Amino acid sequence: MIQKAGMGASAAPSSELRPSPKRRARRWWKRAPSAIGWLAVFAGFGLSTVAQQLAEDLTSKSLEDLMNTRVVSVSKKEEQLSRTASAVFVITQDDVARSGATNIPDLLRIVPGLSVAQIDANNWAISVRGLTGRLANKLLVLIDGRTVYVPTFGGVFWDVVDLPLEDIERIEVIRGPGGSIWGANAVNGVINIITKKAAQTRGAMLVAGGGNVDQGFGMAQYGGSASKDTEYRVYAKYFNLGHLPDPAGLNGGDAWHVLRGGFRADSAFSAKDTLTLLGDLYSGREGLPTTLVASVTSPVPQDVIARVNLSGGYLQSVWNHVYSNRSDTSLQLSYDHYGRGDVFGERRGSFSADFQHHFVWRERQDVVWGVGYRYSDSHSTGSFPASLNPANLDTHLFSAFLSDEITVVPERLYLTVGTKLEHNYYTGFSAMPSGRVAWTPNKRHMFWAAVSQAHRTPARTDAELRANLGGFPGPGGVPVLLSLFGNPHFQDEQLIAYEAGYRIMLRKQFSFDFAAYYNSYTHLQTLEPAVPFFEDAPPPPHLVLPLVFGNLMHGETHGLEAATNWKVTSRWTLSPGYAFERIHMHLAPTSQDTGSVGQAEGSTPTHSAQLRSHVALPHALFWDTSAYFVDRLADLGVPSYTRVDTALSWKFGEKVSLSVVGQNLLKGQHEEFVDVTQTARSTLVKRSGYAKLMWSF
Amino acid sequence: MRRAVRFEEPRVPDCRRHGRERRLLAAFLAFTVWPAAPSARAQAEPPTEYQLKAAFLFNFAKFTDWPGEGFASAESPFLVCVLGKDPFGRMLDDTLQGKLIAQRPVVIERLRDVAAGRRCQVVFVSRSESSRLAAIFQALRRSSTLLVGETDGFARAGGAIELTLEEDRVGFIINPDAAGRAGLRFSSKLLALARIVHDDSGNGKS
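Residues numbered from 1 in each chain as written. Chains lettered and ligands numbered in written order. Predicted model: local features only at pLDDT ≥ 70, side-chain atom pairs only at ≥ 80, totals over all residues. Heavy atoms only, no water.

Structural notes on the overall build of chain B
Here's step 1: Counting secondary structure elements, chain B contains eight helices and ten strands.
Here's step 2: Counting all 206 residues of chain B, 50% fall into the buried class.
Here's step 3: Accessible surface, chain B: about 10,700 Å² in total, of which carbon and sulfur atoms supply 52%. (Helix = DSSP H or I, 4+ residues; strand = E, 2+ residues; numbered from the N terminus. Buried < 20%, exposed > 50% of the residue type's maximum accessible area, 1.4 Å probe, protein only. Areas by Shrake-Rupley, 256 points an atom, 1.4 Å probe, with all protein chains shown as cover.)

If you want it as structure tokens, here you go:
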């Protein structure tokens, strides 16, 4: 404001009189104090006008609108950023609303270092810092502290990770091993989706929209109070996504729809206790373009469109008890069940119990420790292309963790040490220690470094899979079948990660977050040929050429990520991001694997970048644009692409908003990923748009 | 439904200006007025806690009926007073400046002692006074003063309205017994949106 004042207030004298330079200089000298005086007056008017304007706007709002208005609490944000000794990216409510995303995977694209590649309309390959694929297994995903990864293959089925995006409070993405708190599977990163408390979603809300790909979606939600201390919300949502084109331009067959309903209830039943209950149920169906082998006698893999029925649900309770401001505990119980009509035909029910205690000891140590137990029961019918052997299996997982944040120098230097200990069904005990140090020279800068170890423990498919990949008629008319087998002695994949980072926040206008890492992996999965054998069932008798999972690959990945948030003006925010990664893998001398090295090295882009822009226009109009660049995937033959999404939204008061969103605007269609397991064939992501109306009352 | 947008022209001292200066001045005024004009600016930055609470205070005053004897005369202004350490800064002045409540102009005062509060229509009791609430309620008994506070339990202890901050939204609790003692009547609109509590000790009239 003051700079702008300078432009006008240092006004030149009248053009009619042109005094000599010396006299002009004297005159300027005389006029300076008054010019500065006017400068101050105008600047003062400018600033006070702004403040008055805000006050005017607030007093013209109705009481209901005032109660729905959110306030900004600067200190909370500052606290969140400053002391975490990890590469954290928080997707805020505003980011969610502005991204124009209608599902969680599209939301995750804005995080540098998190690679999101859409395989087809209902499949994604999402991973942090490399080693990705449809069945990527090194990322732990949680919703309100409940794990949603599938123990069957150790990864996430993204088509059933869904909830109303309007109910998301924030998504914390931690890049780097989170094993010492979150356990095995948090090898490369942790994504924690946190939903809003029921008290924050009071009232009714209706969302409806449709477009060319997102053909129809809607959500209805109601939040209220059941009693003085208990708030709840219930919702139902539905979407129907149309098919995408396959590389030949034909109908990809991957259309799908899901109906889901859920609830959340929060109760502060005493001054020191809160109880939260959450749950949902879903049912849907998707088309899955895949490649399957029909039988021994027709072993050539066929491209088919499988019809997969999806269903499931969960119930979760979280009880927090506060003993004092130095000690609190949390007990979480959950049960979740899913059924999936794919080649495995699996139904799985899991029960988990987790207890955590957080306390401050002797003022300098902030300790969190916990114990957990998970029981999981899986039944699968299997089919010729893929099955699990044994078909049914139940497993127990025990875990305990301890993490201590030590204040070495108050306000300046913190050291966090911790470890998690797990006992799993396949490989027994594993320990995942980590050490992190955080240095904050002042409130604006923060440096951190960490060393951690993480394990990726075996999933059912690693140990018990049988997948028939193809075959050919062999000598003497005996069919030959190429099959993939799990290895009951499959070992933990291991990681030792060295990371460092830097964070800066300048006033409220500019923040920059930088992280660099070097990950050293051992015992990574390979496919090793084994001795062929004859098999009678299913008939006719045939020769099996087996490939068995081994742990004979090791290597390293290294890279860096940077994210910036820049408030250019009070109405325009820019958020650029960039990630760089290089992967080098090697096989052990005894390995006879042929494809794993190339696949690991070439499935992740070397460079990727994002740029998001948010503009608040006059008349309650908002315009958000995001651009993403993803480098080519060499091993998969996927070229580099640039994607531009844009969203324009109108807000009518606090209650109604209308948005028009365009996605993938640059190119008519492009491919993002090819899954080597061929369990899902790629279709092309195409230019799309939709309109959405949101109405609260 | 669009919100009505109004902005005030800054008051420019009357002065003779030459053409070029006038144009530069006009350009400069445009820079100061422009960010203030569109209502979207207010939306681009969410208000702070006390900006919002000041707006609530205005609404409380708007939706309350004061008895005639609460005012010294027909011409006396509507007094809004702050007792204790003022957390609003300029915001209360910005919010209430030039407004009329009960057809009287609003005047803001910062109180030095409690007894002076009897003249005020609204007294905002700041957090700094939280240990002296009982004394404050005793001193302001039987005066038609609307006591608004923000400490935990203010309403239950005998204050008429308690402002709360839940997560990132402001709400309020009303104690109708306290309001009744002061001879004040709330509009049903205010009562419908508030959480209602009653006196802890169950005192009726005093």
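What to know about the overall build of chain A
Here's step 1: From N to C terminus, chain A includes nine helices and 35 strands.
Here's step 2: Counting over 697 residues, chain A shows a buried share of 53%.
Here's step 3: Across chain A, every contact between residues at least 6 apart in sequence was considered, and the portion connecting residues at least 24 apart equals 62%.
Here's step 4: For chain A, the accessible area works out to roughly 30,100 Å², and carbon and sulfur atoms hold 62% of it. (Contact = heavy atoms within 4.5 Å.)

Some points on the sheet that holds strand β7 (residues 189–195) of chain A
Residue and element names in this part refer to chain A.
Here's step 1: Spatially, the five strands line up as an open sheet ordered β1-β6-β7-β4-β5, and their pairing is mixed. This sheet does not close on itself; its edge strands, each paired only once, are β1 (87–92) and β5 (146–147).
Here's step 2: With five bridges joining them, strand β4 (residues 139–143) and β7 adopt parallel strand pairing. Each residue of the ladder has a partner; that of V141, found in β7, is I191. (Pairing = 2+ DSSP bridges.)

Some details on the sheet that holds strand β5 (residues 122–125) of chain B
Residue and element names in this part refer to chain B.
Here's step 1: Spatial strand order, β3-β4-β2-β5-β6-β7-β8-β10: eight strands in an open sheet with mixed pairing. Each having just a single partner strand, β3 (100–101) and β10 (195–196) make up the two edges of the open sheet.
Here's step 2: Of the strand pairs in this sheet, strand β2 (residues 78–83) and strand β4 (residues 104–111) are connected by six bridges, and their pairing is parallel. Note on β4: the bridge partner recorded for L83 is L111.

Observations concerning helix α3 (residues 49–62) of chain B
Each turn of an α-helix holds 3.6 residues, which means side chains three or four residues apart point in the same direction.
Here's step 1: Here α3 of chain B spans 20 Å end to end across 14 residues, near enough to the 20 Å set by a 1.5 Å rise per residue.
Here's step 2: Within α3 of chain B, 13 of the 14 residues are buried, which leaves the element mostly enclosed by the surrounding structure. (Expected span 1.5 Å × (residues − 1).)

Focus on the pattern of salt bridges
All names here are of chain A.
Here's step 1: A full pass over the atoms with the stated rule returns 39 salt bridges over all chains.
Here's step 2: For R348, the salt bridge goes to E346, with nearest N and O atoms at 3.3 Å.
Here's step 3: The salt bridge involving R456 is made with E493; its shortest N-O contact spans 3.0 Å. Here E493 lies in strand β24 (residues 493–506) and R456 lies in strand β21 (residues 445–456), a separation of 37 residues in the sequence. Here the two residues R456 and E493 agree in accessibility, since each one is buried.
Here's step 4: What emerges from the salt-bridge pattern is a single network uniting D106, R109, R643, D645 and E672. (Salt bridge = Lys/Arg side-chain N within 4 Å of Asp/Glu carboxyl O.)

Regarding empty space enclosed by the protein
All names here are of chain A.
Here's step 1: Overall, the coordinates contain eight cavities of 30 Å³ or more when judged by the stated rule.
Here's step 2: Of the volumes computed, that of the largest cavity is approximately 480 Å³.
Here's step 3: Taken together, 39 residues make up the lining of the largest cavity; nearest its centre are R146, V148, V160, R260 and Y314.
Here's step 4: Those elements that place two or more of their residues in the lining of the largest cavity are β5, β10 (230–241), β11 (256–270), β12 (273–292), β13 (302–324), β14 (327–340) and β15 (346–361).
Here's step 5: Its residues assigned to classes, the lining of the largest cavity shows 17 nonpolar, ten polar and twelve charged.
Here's step 6: Taken as a whole, the second largest cavity holds about 320 Å³ of empty space.
Here's step 7: As for the second largest cavity, its lining consists of 33 residues, of which L114, S115, V116, P605 and S608 are closest to the centre. (1 Å grid on protein atoms, 1.4 Å probe; cavity = no way out; pocket = protein on both sides within 12 Å on 5 of 7 lines; lining within 4 Å. Points joined across faces, edges and corners; volume = space filled by probe spheres on them. Nonpolar A, V, L, I, M, F, W, Y, C, P; charged D, E, K, R; others polar.)

What about the pairing of strand β3 (residues 123–128) of chain A?
All names here are of chain A.
Here's step 1: The buried count for β3 comes to six of six residues, which makes it a mostly enclosed element.
Here's step 2: Neither face of β3 is exposed, since N123, A125 and S127 on one face and W124, I126 and V128 on the opposite face are all buried.
Here's step 3: Sheet topology places strand β2 (residues 114–120) next to β3; six bridges connect them, and they run antiparallel. Among the inter-strand pairings, A117 is bridged to a residue of β3, identified as A125.
Here's step 4: The turn linking β2 back onto β3 is made up of two residues.

Topic: a nonpolar patch on the surface
Here's step 1: On the surface, Y222, V234, F263, L277 and L315 of chain A cluster together into a nonpolar patch covering about 420 Å² of accessible area.
Here's step 2: Inspection of the secondary structure puts V234 of chain A in strand β10. (Patch = residues over 30% accessible without salt bridge, like charges linked within 9 Å, V, L, I, M, F, W, Y side chains within 5 Å.)

Focus: the nonpolar core
Here's step 1: Core analysis: the largest hydrophobic core is formed by 67 residues, its most contacted members being I91, L108, W158 and I191 of chain A.
Here's step 2: Looking at which element gives the most residues to this core, the answer is β4 of chain A, with five residues.
Here's step 3: Residues in contact with W158 of chain A, not counting those within four places in the same chain, are I104, P105, L108, W124, I126, L139, V141 and I191 of chain A.
Here's step 4: Counting 42 residues, the second-largest nonpolar core is a separate cluster that includes V82, V106, I108 and I161 of chain B. (Core = buried A, V, L, I, M, F, W, Y, C linked by side-chain atoms within 4.5 Å.)

Digging into the pairing of strand β35 (residues 688–696) of chain A
Here's step 1: Pairing of strand β8 (residues 203–211) of chain A with β35 of chain A involves seven bridges; the strand directions are antiparallel. Residue pairing for β35 of chain A: A208 of chain A is matched across the bridge by L693 of chain A.

Re the confidence of the model for chain A
Residue and element names in this part refer to chain A.
Here's step 1: Taken residue by residue, chain A gives an average pLDDT of 86. The fraction at 70 or more is 89%.
Here's step 2: Contacts of residues 39–48 to residues separated by more than four positions or lying in other chains number 13 contacts, the stretch itself having pLDDT below 50.
Here's step 3: Segment residues 73–80: pLDDT under 50, and four contacts once partners within four positions in sequence are set aside and those in other chains are kept. (pLDDT = per-residue confidence, 0-100.)

Some points on the confidence of the model for chain B
Residue and element names in this part refer to chain B.
Here's step 1: For chain B, per-residue confidence averages 75 on the pLDDT scale, and residues scoring 70 or more make up 74% of the total.
Here's step 2: Per-residue pLDDT stays below 50 along residues 1–19; that stretch engages in 28 contacts with residues further than four places along the chain or on separate chains.
Here's step 3: Under a pLDDT of 50 for its full length, residues 202–206 has, in the predicted model, five contacts with residues more than four places off or in other chains.
Here's step 4: This complex was scored by the predictor with a pTM of 0.73 and an ipTM of 0.70.

With respect to the side chain of T290 of chain A
All names here are of chain A.
Here's step 1: With respect to the secondary-structure elements, T290 resides in strand β12.
Here's step 2: T290 gets classed as buried once you look at its relative accessible area, which sits at 5%.
Here's step 3: The contact partners of T290, leaving out residues within four places of it in the chain, are Q302, D303, V304, A306, Q678, T679, A680 and R681.

Thoughts on the environment of Y690 of chain A
Residues and elements named next belong to chain A.
Here's step 1: Inspection of the secondary structure assignment puts Y690 in strand β35.
Here's step 2: For the pair Y690 and A647, spaced 43 residues apart in sequence, the C-alpha to C-alpha distance is 9.5 Å.
Here's step 3: Not counting chain neighbours up to four residues away, the residues in contact with Y690 comprise G100, A101, T102, G210, G211, F217, S659, V660, V661 and Q663.
Here's step 4: A polar contact is formed between the side chain of Y690 and the backbone oxygen of G100, at a distance of 2.7 Å. (Polar contact = N/O pair within 3.5 Å; in protein donor to acceptor, adjacent residues only side chain to side chain.)

Quick word on the environment of G435 of chain A
Residues and elements named next belong to chain A.
Here's step 1: Here G435 lies in strand β20 (residues 428–439).
Here's step 2: What makes G435 partly exposed here is its relative accessible area of 28%.
Here's step 3: C-alpha separation for the pair G435 and L415, spaced 20 residues apart in sequence, amounts to 7.4 Å.
Here's step 4: Every residue in contact with G435, bar those within four places of it in the chain, is listed here: T416, V417, A449, A450 and V451.

Here we look at the environment of S350 of chain A
Residue and element names in this part refer to chain A.
Here's step 1: Mapped onto the elements, S350 comes out in strand β15.
Here's step 2: Judged by relative accessible area, S350 falls into the buried class, the value being 3%.
Here's step 3: Residues S350 and R98, spaced 252 residues apart in sequence, show a C-alpha to C-alpha distance of 35 Å.
Here's step 4: The contacts of S350, once residues within four sequence positions are left out, are S334, Y335, D336, R374, Y375 and S376.
Here's step 5: A distance of 3.4 Å separates the side chain of S350 from the side chain of R374, its partner in a polar contact.

Topic: the packing of aromatic side chains
Here's step 1: Taken as a whole, this structure holds 21 aromatic pairs over all chains when the rule is applied.
Here's step 2: With a centroid separation of 6.0 Å and 45° between ring planes, the pair formed by F56 of chain B and F60 of chain B is classed as tilted. Residue F56 of chain B and its partner F60 of chain B are located together in helix α3, separated by four residues, close to a single helical turn.
Here's step 3: For F56 of chain B, a relative accessible area of 0% gives the class buried.
Here's step 4: Members of the aromatic cluster, joined through ring pairs, are W439, F447 and Y502 of chain A.
Here's step 5: Taking the ring centre of F157 of chain A as reference, the NZ or CZ of R340 of chain A above it sits at 3.6 Å.
Here's step 6: Stacked on the ring of F58 of chain B, the Lys or Arg K99 of chain B has its end atom at 5.6 Å from the ring centre. (Phe/Tyr/Trp six-rings, centres within 6.5 Å; stacked < 30°, edge-to-face > 60°. Lys NZ or Arg CZ within 6 Å of the ring centre and 35° of its normal.)

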